[in-house]
Amino acid sequence: MEPLTEQEIRTAFVNCSKGEAKRLSVPRDLADRPWDDLDYLGWRDPQAPDRAYLVSPSGGGLRALAMRCPSPGAQQLRRSMCSMCLTTHTGGVSLMVAPRAGKAGQQGNSVGAYICSDLACSLYVRGKKDAGVGARLQESLTLEEKVRRTVSHLAAFIDKVTA
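Calculation notes
Residues numbered from 1 in each chain as written. Predicted model: local features only at pLDDT ≥ 70, side-chain atom pairs only at ≥ 80, totals over all residues. Heavy atoms only, no water. Buried < 20%, exposed > 50% of the residue type's maximum accessible area, 1.4 Å probe, protein only. Helix = DSSP H or I, 4+ residues; strand = E, 2+ residues; numbered from the N terminus. Pairing = 2+ DSSP bridges. Core = buried A, V, L, I, M, F, W, Y, C linked by side-chain atoms within 4.5 Å. Contact = heavy atoms within 4.5 Å. Polar contact = N/O pair within 3.5 Å; in protein donor to acceptor, adjacent residues only side chain to side chain. Salt bridge = Lys/Arg side-chain N within 4 Å of Asp/Glu carboxyl O.

Caption draft 1: Quick peek at the pairing of strand 1 (residues 41-45). Judged by how many residues are buried, strand 1 sits mostly within the fold: 5 of 5 residues are covered. In this sheet, strand 2 (residues 48-58) lies alongside strand 1 in antiparallel orientation, the contact comprising 5 bridges. Each bridged residue has a counterpart across the sheet, and for L41 the counterpart in strand 2 is V55. If you look at the hairpin formed by strand 1 and strand 2, you'll find 2 residues sitting between the two strands.

This is the structure:
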């Protein structure tokens, strides 16, 4: 993924108002992110722990989602699998719920997916971050195929939000 600026991130949101996008907390460490290893940028809002955001390249542009999720301390201690990268965690997967874009979102419709609580799917797939023993299932897929699958799952989620 190419490095992003704060302005690019704020203008990419598809499921919140321009005012909300202007007020949300963007990571201050954008220059320090491992951009070469990221398929999307994801972060939790330190000022509002029940808010999470992700920005993904899509069709030559960017699409960003605002999501709600349980605060980090509210996680259960059972094993769950991320629906994006297929990494299993004990207490490290959260149901992230994104309001639908447009009129459907204004009417309260939303789409949810179970995603790594720290939104670090790209790093788990590449083995740059460890989720513990048994977190990654043994597969015959190449790294490139696993990355493509994760990107495909993410694109499908974003498509559901914007449909």
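Caption draft 2: Layout of the nonpolar core. With 45 residues, the main nonpolar core has I9, F13, L41, M67, I115 and F157 as its most contacted residues. For this core, the secondary-structure elements that each account for two or more residues are strand 1, strand 2, strand 3 (61-68), strand 6 (93-99), strand 7 (110-116), helix 4 (121-125) and helix 5 (143-162). Counting residues per element, this core draws most heavily on helix 5, at 5 residues. Leaving out residues up to four positions away in the same chain, I9 has contacts with L4, V26, L30, L41, W43, V55 and A64.

Caption draft 3: View of the side chain of D39. Relative to the elements of secondary structure, D39 occurs in the loop between helix 2 (18-23) and strand 1. Within the local environment of D39, its side chain forms a polar contact with the side chain of R126, the two groups lying 2.8 Å apart. When near neighbours in sequence (up to four residues on either side) are disregarded, D39 contacts M1, S56, P57, S122, R126, V147 and V151.

Caption draft 4: Molecular detail of the environment of Q7. With respect to the helices and strands, the residue Q7 is situated in helix 1 (residues 6-11). When the C-alpha positions of Q7 and V26 are compared, they lie 9.6 Å apart, and in sequence the two are 19 residues distant.

Caption draft 5: Spatial organisation of the side chain of S56. In this fold, S56 is placed in strand 2. Using a relative accessible area of 9% as the deciding quantity, one classes S56 as buried. Setting aside chain neighbours within four positions, we find S56 in contact with D39, Y40, G61, L62, R63, L154 and I158.

Caption draft 6: How the structure looks around unusual backbone geometry. The backbone phi angle of L86 is positive, close to 65 degrees, even though this residue is not glycine. Judged by its relative accessible area of 23%, L86 falls in the partly exposed class. A positive phi angle, close to 55 degrees, is found at L119, a residue other than glycine. Relative to the assigned elements, L119 resides in the loop between strand 7 and helix 4. A relative accessible area of 5% means that L119 is categorised as buried.

Caption draft 7: Seen up close, the pattern of salt bridges. One pass over the full model with this rule turns up 8 salt bridges. Of the charged contacts in the structure, one is a salt bridge between R68 and D50, with a shortest N-O distance of 3.2 Å. Of this pair, R68 sits in strand 3 while D50 is found in strand 2, placing the two residues 18 residues apart along the sequence. Under the relative-accessibility criterion, R68 is labelled partly exposed at 44%. According to the relative accessible area criterion, D50 is partly exposed, its value standing at 31%. Close ionic contact of K129 with D118 constitutes a salt bridge, the shortest N to O distance being 2.7 Å. A residue pair is termed long-range when its members are at least 10 positions apart, and K129 in the loop between helix 4 and helix 5 and D118 in the loop between strand 7 and helix 4 qualify at 11 residues.

Keep in mind these numbers describe shape, not what the thing actually does.
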